[in-house]
Amino acid sequence: MTAHPTVAARRPRPRGRARRAVTSLAAAAALVAPAALTGCAAERDDDVYTVLNSSTDETYHRWDAQAMARCGKRLGVTVEQQSVPASQVMTKALRMASSKSLPDVVQFDASEMPVFAEAGGLVDLRTLGLSTGHVPDGIVDFGSYRGTYYGAARSVNTLALFYDKDVLAEAGIRTPATWDDLREAARELTRGKRYGIALSAGGAEDGVFQFTPFMWSNGGDERELDSPEVVEALDFWKALLKDGSLSRSTVNWTQADVNDQFMAKNAAMMINGPWQVETLNSDPDLHWGLAEIPVPEEGADSVAPLGGAVLTVPRTGDDGRQRMAGRIVACLTGEKEQLSYALNSWMVPADERAAAAWRSKVPELDALADQVAAARSRTAQVGAGWPAVSLALQSAFQSALTGQSSEAALKRAQQRATSGN
């Protein structure tokens, strides 16, 4: 397998926030529309365009610089990046909007983009000539808010079931496909210090990201967190705990922690994403496999969450610059650039043609591409209300997995998501 620079520990992952932070962020978003629509106060070089992103890691920064140089040369302009930690992109963009110094392109985490879009601070990419003809509907939704296409993805990621091939083979266990299979396999594989499965149920976005495949595949919906389908999904997690197949430390684990447990042979299977692949491949003695996340019953669709970032064009009031910014986004998200970026980062290209080429180059990740094909955006149903839903679910995990009934924990979660308290 071709080696690629690691992204495991450095992948920009959305983090949980204190409720006060979410509230203040929503209030700050009110600054975007009036600030953006009054034009740019700062003097700008007509031939220099800026992209605000979270590529603070040296390898990501280098890959992006190379891609921007190629696109700049093609378009006859200079494209520069300004990189800040992922957790700071939104607040940085809001401050720049209030000072009328917005960059030409902003790369938002897709779960945060609706906040900026709701305030009227982004340009509809279709009006700038970007097409979605070769982009799956789920990924179009991933970059959309209320039906308007604001964010173009270069690549996306999702979750899958990773398993230790040697451990499963030794136990004579086939890769689980249903919840019953998974529960039985996890029980059989739990031996000594080794748990059958590891996953993240921590009080941050990592845990919510990992819960959504169980909630959605069971017919649950983030608009009704206390529905029987969501309760059943959380009860399934509780059953794994009750069986002793899942460590009670799961309530404290991030996805990086889960990967550490798997690599240390403390778990035979794990739920995780492609950002862990390079780290997994650093251990020549670890023979891992990949499968879609098991479903409640045979024949059901395995519906996982889409993760990643989207490139957007802020509304600066300068139509000419916005048009060129749209061309820059179109170049960076073109088929060739998507494939290059995806092969570096182990993510799945958003464009169907690039994804087909990617499958042929990394066939060991084929199940991941299948998982992406049915995946969906976390913000598709609730838009800018997702942070409140996420915080409510995080609290529910902590309560239900430490003793409270799933029904009670999720009833409280629904109240919190609706009221914000």
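None of these values were measured; they are calculated from a predicted model.

### A short note on helix 15 (residues 352–361)
Buried residues of helix 15: A354, A355 and W358, and no others. Looking down the long axis of helix 15, one finds its buried residues gathered within 100° of arc, a one-sided arrangement. Where the residues of helix 15 are buried, they touch helix 14 (335–345), strand 12 (348–349) and helix 16 (366–373). The backbone nitrogen of R353 has a side-chain oxygen 2.8 Å away, supplied by the residue at the start of helix 15, namely D351.

### A few points about the state of the cysteines
Applying the stated criterion to the full structure yields one disulfide. The disulfide partner of C71 is C331, and the gap between their sulfur atoms is 2.1 Å. Looking along the S-S bond of the C71-C331 disulfide, the torsion reads about -85°, which is the left-handed sense. One end of the pair, C71, is in helix 3 (residues 58–75); the other, C331, is in helix 13 (residues 319–332), and 260 residues separate them in sequence. Since its relative accessible area comes to 0%, C71 is described here as buried.

### Details of the sheet that holds strand 7 (residues 160–164)
The four strands are arranged 8-9-7-10 in an open sheet whose pairing can be described as mixed. Only two strands of the sheet have a single neighbouring strand rather than two, namely strand 8 (195–198) and strand 10 (288–291). On average, each strand axis in the sheet is inclined to that of its neighbour by 20°, with strand direction left out of account. By the bridge criterion, four bridges tie strand 7 to strand 9 (residues 267–272) in an arrangement that is antiparallel. What sits directly across from Y163, in strand 9, is M269. The strands touched by helix 11 (residues 255–263) within the sheet are strand 7, strand 8, strand 9 and strand 10, with strand 9 carrying the most contacts at an inclination of about 155°.

### Side note on the environment of V348
With respect to the secondary-structure elements, V348 resides in strand 12. Along the backbone, V348 and L365 are 17 residues apart, and their C-alpha atoms lie at a distance of 9.2 Å. In contact with V348, not counting residues within four places along its chain, are S155, V156, A342, W358, L368 and V372.

### Looking at the packing of aromatic side chains
This structure, assessed with the given rule, holds 12 aromatic pairs. Measuring from ring centre to ring centre gives 5.6 Å for F162 and W288, while their planes differ by 45°; the resulting arrangement is tilted. Of the two residues, F162 is situated in strand 7 and W288 in strand 10; the sequence distance between them amounts to 126 residues. This pair shows no difference in class: F162 is buried, exactly as W288 is. Both rings, one in F214 and one in W237, keep their centres 5.8 Å apart while their planes meet at 70°; by these two values the pair is edge-to-face. In this pair, F214 is assigned in helix 9 (residues 205–217) and W237 in helix 10 (residues 228–243), connecting sequence segments 23 residues apart. Side by side, F214 and W237 carry an identical accessibility label, which is buried. A network of ring pairs unites the aromatic residues W179, F211, F214, F236, W237 and F397 as a single cluster. We note R154 situated over the ring of Y341; from NZ or CZ to the ring centre the distance is 4.0 Å.

### Overview of the packing of helix 17 (residues 386–400) against helix 18 (residues 406–419)
Interaxial distance between helix 17 and helix 18 falls to 8 Å at its minimum, and their mutual angle equals 160°. Taken together, the axes of helix 17 and helix 18 lie roughly antiparallel to each other. Relative to helix 18, the crossing made by helix 17 is right-handed. Every residue of helix 18 that contacts helix 17 at A388, V389, A392, L393, S395, A396, S399 and A400 is listed here: S406, A409, L410, A413, R416 and A417.

### A closer look at the sheet that holds strand 11 (residues 309–312)
An order of 2-1-3-11 is seen for the four strands of this open sheet, with the pairing classed as mixed. Of all the strands in the sheet, just strand 2 (78–83) and strand 11 have a single pairing partner and so form its edges. Ignoring which end each strand starts from, the neighbouring axes of this sheet average 20° apart. Across six bridges, strand 1 (residues 48–53) lies against strand 2 in parallel orientation. Following the sheet pairing, V51 is matched in strand 2 by Q81.

### A look at a negative patch on the surface
A cluster of acidic residues, D45, D46, D47, E80, D318 and D319, forms a negative patch on the protein surface. Note that D318 resides in the loop between strand 11 and helix 13.

### Observations concerning unusual backbone geometry
One non-glycine residue, K265, adopts positive backbone phi at about 65°. Owing to a relative accessible area of 33%, K265 belongs among the partly exposed residues under this scheme. Notably, W346 is not glycine yet its phi reads approximately 70°, a positive angle. With respect to the element layout, W346 can be found in the loop between helix 14 and strand 12. Classification of W346 by relative accessible area gives buried; the value is 1%.

### Re the pattern of salt bridges
One pass over the structure, following the stated rule, counts 17 salt bridges. Between R321 and D104 there is a salt bridge, with the nearest N and O atoms lying 2.9 Å from each other. Here D104 lies in the loop between helix 4 (89–98) and strand 3 (105–109) and R321 lies in helix 13, a separation of 217 residues in the sequence. Summarising the burial analysis for this pair, R321 and D104 share the class buried. Where salt bridges share partners, they join D109, E205 and R378 into one cluster.

Here is what the cut-offs are and how they apply
- Residues numbered from 1 in each chain as written.
- Predicted model: local features only at pLDDT ≥ 70, side-chain atom pairs only at ≥ 80, totals over all residues.
- Heavy atoms only, no water.
- Buried < 20%, exposed > 50% of the residue type's maximum accessible area, 1.4 Å probe, protein only.
- Helix = DSSP H or I, 4+ residues; strand = E, 2+ residues; numbered from the N terminus.
- Arc of directions from axis to C-beta.
- Contact = heavy atoms within 4.5 Å.
- Polar contact = N/O pair within 3.5 Å; in protein donor to acceptor, adjacent residues only side chain to side chain.
- Disulfide = S-S within 2.5 Å.
- Pairing = 2+ DSSP bridges.
- Axes fitted to C-alpha atoms, helices over the stretch in contact; angles between N-to-C directions.
- Phe/Tyr/Trp six-rings, centres within 6.5 Å; stacked < 30°, edge-to-face > 60°.
- Lys NZ or Arg CZ within 6 Å of the ring centre and 35° of its normal.
- Parallel < 35°, antiparallel > 145°, perpendicular 65-115°, else oblique.
- Left-handed = near helix turned anticlockwise from the far one by under 90°.
- Patch = residues over 30% accessible without salt bridge, like charges linked within 9 Å, V, L, I, M, F, W, Y side chains within 5 Å.
- Areas by Shrake-Rupley, 256 points an atom, 1.4 Å probe, with all protein chains shown as cover.
- Salt bridge = Lys/Arg side-chain N within 4 Å of Asp/Glu carboxyl O.
- Lys, Arg positive; Asp, Glu negative; His and termini not counted.
- Charge placed at Lys NZ, Arg CZ, Asp CG, Glu CD.

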